[in-house]
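# Chains, contacts and geometry: an overview
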There are 2 protein chains.
Amino acid sequence: MAGRREQADGDSGTTSRLSRRGFFTGAAGGLAAGGLAGVGGTLAAGAVEGPGSSGQQSNSDLTYSFYGSGPQAGVRTPPQQYCVFMTFDLQIETARELQVLLATWSGAIDRLMSGKAIGSVEPSRSSAVPTDTGEAQELGPNGLTVTLGLGPGVFDKRFDLAAMKPALLADLPSLPSDQLRAELTGGDISLQACADHPQVAYHAIRDLARMARESVHTRWTVMGFGKASAGAGQKTPRNLLGFKDGTRNITEKSDYDDFVWLGKDAGWMAGGTYQIARKIQMNIEIWDADHIGDQQDVFGRTKHVGAPLTGKHEFDTPDFAKKKADGDPVIPATSHIALAAHENNDGIKILRRPYNYTDGISRFGQLDAGLLFMVYTNDPDNFSRLQRKLGASDRLNEYIGHIGSAVFAVPPAVKSGHYLAEELFG
Amino acid sequence: MAGRREQADGDSGTTSRLSRRGFFTGAAGGLAAGGLAGVGGTLAAGAVEGPGSSGQQSNSDLTYSFYGSGPQAGVRTPPQQYCVFMTFDLQIETARELQVLLATWSGAIDRLMSGKAIGSVEPSRSSAVPTDTGEAQELGPNGLTVTLGLGPGVFDKRFDLAAMKPALLADLPSLPSDQLRAELTGGDISLQACADHPQVAYHAIRDLARMARESVHTRWTVMGFGKASAGAGQKTPRNLLGFKDGTRNITEKSDYDDFVWLGKDAGWMAGGTYQIARKIQMNIEIWDADHIGDQQDVFGRTKHVGAPLTGKHEFDTPDFAKKKADGDPVIPATSHIALAAHENNDGIKILRRPYNYTDGISRFGQLDAGLLFMVYTNDPDNFSRLQRKLGASDRLNEYIGHIGSAVFAVPPAVKSGHYLAEELFG
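Basis of the calculations
Residues numbered from 1 in each chain as written. Chains lettered and ligands numbered in written order. Predicted model: local features only at pLDDT ≥ 70, side-chain atom pairs only at ≥ 80, totals over all residues. Heavy atoms only, no water. Least-squares fit on C-alpha atoms with pLDDT ≥ 70 in both. Contact = heavy atoms within 4.5 Å. Helix = DSSP H or I, 4+ residues; strand = E, 2+ residues; numbered from the N terminus. Buried < 20%, exposed > 50% of the residue type's maximum accessible area, 1.4 Å probe, protein only. UniProt positions renumbered as here; feature names shortened; annotations may be inferred. Polar contact = N/O pair within 3.5 Å; in protein donor to acceptor, adjacent residues only side chain to side chain. Phe/Tyr/Trp six-rings, centres within 6.5 Å; stacked < 30°, edge-to-face > 60°. Expected span 1.5 Å × (residues − 1). Pairing = 2+ DSSP bridges. Buried area = accessible area lost by both parts, 1.4 Å probe. Axes fitted to C-alpha atoms, helices over the stretch in contact; angles between N-to-C directions. Parallel < 35°, antiparallel > 145°, perpendicular 65-115°, else oblique. Left-handed = near helix turned anticlockwise from the far one by under 90°. Nonpolar A, V, L, I, M, F, W, Y, C, P; charged D, E, K, R; others polar. Core = buried A, V, L, I, M, F, W, Y, C linked by side-chain atoms within 4.5 Å.

## Regarding the relation of the copies chain A and chain B
- When chain A is fitted to chain B, the best match, at an RMSD of 0.0 Å, comes from turning it 180° and sliding it 0.0 Å along the axis. Such a turn and shift between the copies fits a two-fold axis.
- Take the interface residues of chain A: 100% of them recur as interface residues in chain B, which is what a same-surface contact looks like.

Encoded structure:
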């Protein structure tokens, strides 16, 4: 099994915080009053400690810290309701320009995550151009996290950084079920902004892109309008196929250490991880015409409760060996959960952080929608192995297509006074 | 002045309810615990009465009634955070089929607004196709309203309903600043679903479209990801140009009576209104490069506070006569608020219910975003008059283009046991 890594510095203490917050499960809809601050960062001033203390408190006050000694926020952070993901091509030519970009963005991300504008919304001199576009004023931080990733292109010849390339960072191999569109692939840098208000997430990406417009060109973007997987203490949400998604997602600290965080052997990337972004289009109108028995066989779970077909409750452990009278397994071997289960994949797990998206109506007049499938793993090959298997025989393939794809290295967080990936320029 | 109409039946009592709820202004972000139920409908069982009563309550419980004797919900209803708007072309040939469609949709909208699935998510017979697609399970009603409109096409020759055509229902005239795209215009029927959770709004539209797939084809849709105008008791939100929007919107009952609701002379449409939907694309990256003095002159307001340039506070009344030392008005005559103000338009007001939208990145690599501008008026010509004036000289035109447009008649609500526009088939 690939992936047993040591715990990154500063990663202690947050898991117990998570388990204390099991009471938070009523928060479906992102509307609970209270906070989950401190997970994936330091508890910041202004964050509220829990629900129920005041009916006036709300998630709009929730703040995560950008600076810290563990991983970047936005990976282990319990999924916020909304997400805007964007990748960029670098338009610069020197390592120094890249250095300035990362330093400038780091400072701006810290301000945004604190609920501050990145600069003046209304400068006093009338001939000055505002540095912040203003549409997030008064909305509060809303648990905003911005997570930065470095694509393989950062380590090509342009910047003389090939020696610093994270060991496992490479474009994904061609995978079955790929229906990739060139305009939805790749990127030298990624920004993932998640928040409990979509305009806060959108503002963050917009203003980060804008302040760097001399250095980067936007490449592709997906706006997620509802989280499709839960974190610890959250109720499992549903994807647009109507099924609960992420029931068996990673929640335990030991699994994060084994499958998500990079260990000390990763050098400057220790405490970081890899990010895989896939835009998965769903043919939901075809899915909607399928009968319930087939839908449940495709997933291997019941639709309403989300129980494995061998169980009664959502979190019952699937029994892949259990047979029907005719000798076939109760959970079909080609069902999604059978193919993806760690029991059937040498123990491999990946952290999924997906969001539902919609692009309106297709040129065929059908709903154009799907899943922004964000994956975090300390070994991208774990994803490729799973996807190769799923792509080959997953019954879900009839209803989905992977149209976008990119992979990035996510450097660890930095302490105040430093900037992301500073070690690259050491 | 066009538009003084009598109050529709059953419209009494809700305005005072609104003013009682001024304490709700901390709800930016849609995250307040509490309810605004009863506005634009009847207080439904399960709705909470106000914030502060329990830290566990949230907007996810908020319910509006579909049935009632006033206007449909979703017009005067304080804007929810999210909106999905879709128009449809009728594929049917007889009035009876239209009757069945409206009756079926009415029953389904009632269920959806009550937080119920429209049918079985997981039918017990495995060969049955689910009637509800399931992705809104567990999310709660989230203040969902679904508002149905009838386009001019309903009253063409197909259904022999020309005699019942609402007096002022007609396609809008060609207007300056129109950059309409054929695929974003028109429709025989519109559905506007607004809720405090986007997946609830999306689910409503998806399942209504799906259940009627033999009768209608989708035409165009916009998904609004953040309200851009306030209702009574709400803080004024911002559009994607970073300015507060809707400060001078209609809030008073007398203005609703004068400018929104149709009176008894409107026959079967009494208590109804007209809906105008415009998709307005914003060139936000060009806007973002403009200096603050010009941005404020374009709107006639300050950016941070949103005060008129002649005032200090957001709700100060603009003084359009006030002059600078050089004799020019302090609020430029070509500013948006000067051109749109009722003081400068024979007293005309329109109810605006806009939402910000984004379509990702344009083919030029720029942010593709703007405003879903929903207007309600008892005389569509009031909108055309204002837009003709704005389109001719509004300084905002440099930054926006109207790319989508449609107009609909919004019949009044019906009592339980009846369906929308039932009078058409009397």
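Here the narrative resumes.
## A word on the environment of B:Leu175
Residue and element names in this part refer to chain B.
- Relative to the elements of secondary structure, Leu 175 occurs in the loop between strand 2 (145–150) and strand 3 (189–195).
- Relative accessible area serves as the criterion here: at 4%, Leu 175 is assigned to the buried category.
- Residues Leu 175 and Gly 186, spaced eleven residues apart in sequence, show a C-alpha to C-alpha distance of 15 Å.
- Residues in contact with Leu 175, not counting those within four places in the same chain, are Arg 278, Phe 383, Ser 384, Gln 387 and Arg 388.

## Notes on the UniProt feature "domain: Dyp-type peroxidase C-terminal" (unreviewed entry) in chain A
- Per the UniProt annotation, the sites labelled "domain: Dyp-type peroxidase C-terminal" (unreviewed entry) are residues 236–414 of chain A.
- A distance of 31 Å separates the end C-alpha atoms of residues 236–414 of chain A, which is 21% helix and 23% strand.

## Overview of the environment of B:His402
Residue and element names in this part refer to chain B.
- Mapped onto the secondary structure, His 402 falls in strand 9 (residues 400–410).
- Here the alpha-carbon distance between His 402 and Gly 293, two residues 109 residues apart in the chain, equals 25 Å.
- Setting aside anything within four residues of it in sequence, one finds His 402 in contact with Ser 177, Asp 178, Gln 179, Leu 180, Arg 278, Lys 279, Ile 280 and Gln 387.
- At 3.0 Å, the side chain of His 402 and the side chain of Arg 278 are in polar contact.

## Here's the deal with the packing of aromatic side chains
Residue and element names in this part refer to chain A.
- Tallied over the full model, the rule gives 22 aromatic pairs over all chains.
- Plain terms: the ring middles of Phe 243 and Phe 299 are 4.3 Å apart, the flat faces sit at 20° to each other, and that makes the pair stacked. One end of the pair, Phe 243, is in the loop between strand 4 (216–227) and helix 4 (253–259); the other, Phe 299, is in helix 6 (residues 292–299), with 56 residues separating them in the sequence.
- The class of Phe 243 is buried, set by a relative accessible area of 1%.
- Residue class for Phe 299 comes out buried when judged on its relative accessible area of 6%.

## Digging into helix 3 (residues 198–211) of chain A
- With 14 residues, helix 3 of chain A should reach 20 Å at 1.5 Å per residue; the first-to-last C-alpha distance of 20 Å fits that figure.
- Most of helix 3 of chain A sits inside the fold, with 13 of its 14 residues counted as buried.

## A look at the pairing of strand 5 (residues 273–282) of chain A
All names here are of chain A.
- Most of strand 5 is tucked away: ten of the ten residues are buried.
- Because side chains alternate across strand 5, one face comprises the buried residues Thr 273, Gln 275, Ala 277, Lys 279 and Gln 281, and the other comprises Tyr 274, Ile 276, Arg 278, Ile 280 and Met 282, equally buried.
- Two elements, strand 5 and strand 9 (residues 400–410), share ten bridges in a ladder whose sense is antiparallel. Its bridge partner lying in strand 9, Thr 273 is registered against Val 410.
- Strand direction decides the pairing type here: strand 5 and strand 8 (residues 367–377), joined by nine bridges, are antiparallel. Across the sheet, the residue bridging to Met 282 is Ala 369, located in strand 8.

## Focus: the UniProt feature "domain: Dyp-type peroxidase N-terminal" (unreviewed entry) in chain A
- The UniProt feature table records "domain: Dyp-type peroxidase N-terminal" (unreviewed entry) at residues 72–225 of chain A.
- Span residues 72–225 of chain A is 21% helix and 21% strand, its end C-alpha atoms 22 Å apart.

## Examining helix 6 (residues 292–299) of chain B
All names here are of chain B.
- Within helix 6, seven of the eight residues are buried, which leaves it mostly tucked inside the rest of the structure.
- Three or more residues of helix 6 are buried, namely Ile 292, Gly 293, Asp 294, Gln 295, Gln 296, Val 298 and Phe 299.
- Just beyond helix 6, the residue with positive phi is Gly 300, at close to 85°.

## Details of the interface of chain A and chain B
- Opposite the 72 residues of chain A that make contact, chain B presents 73 residues.
- The contact between chain A and chain B buries some 5500 Å² in all, and 58% of this surface belongs to carbon and sulfur atoms.
- Along the contact surface separating chain A from chain B lie 29 residue pairs in polar contact (both at pLDDT 80 or more).
- Of all elements in the fold, only strand 1 (82–90), helix 3, strand 4, helix 6, strand 7 (355–361) and strand 8 of chain A reach the threshold of two or more residues within the side of chain A that touches chain B.
- It is strand 4 of chain A that provides the largest number of residues to the side of chain A that touches chain B, a total of seven residues.

## Observations regarding the packing of helix 2 (residues 95–113) of chain B against helix 3 (residues 198–211) of chain B
Residues and elements named next belong to chain B.
- Orientation of helix 2 relative to helix 3, taken along the N-to-C sense of each, is 155°, at an axis distance of 11 Å. Between helix 2 and helix 3, the interaxial angle falls into the category roughly antiparallel. Where helix 2 crosses over helix 3, the handedness of that crossing is right-handed. The residues of helix 3 that touch helix 2, namely those facing Thr 104, Trp 105, Ala 108, Ile 109 and Leu 112, are His 203, Ala 204, Leu 208 and Met 211.
- When grouped by side-chain class, the residues that make up the contact of helix 2 with helix 3 number seven nonpolar, two polar and no charged.

## Side note on the nonpolar core
- In this structure, A:Leu98, A:Trp105, A:Leu150, B:Leu98, B:Trp105 and B:Leu150 are the most contacted members of the largest nonpolar core, which totals 161 residues.
- The contacts of B:Trp105, once residues within four sequence positions are left out, are B:Phe88, B:Leu148, B:Ile189, B:Leu191, B:Leu208, B:Met211, B:Ala212 and B:Val216.

## Some details on unusual backbone geometry
- Not every positive phi belongs to a glycine, and A:Glu138 is a case in point at roughly 70°.
- Within the secondary structure layout, A:Glu138 lies in the loop between helix 2 (95–113) and strand 2 (145–150).
- Since its relative accessible area comes to 34%, A:Glu138 is described here as partly exposed.
- Residues other than glycine seldom take positive phi values, yet B:Ala421 does so here, at roughly 65°.
- Within the secondary structure layout, B:Ala421 lies in the segment after strand 9.
- Residue classification places B:Ala421 among the buried positions, given a relative accessible area of 2%.

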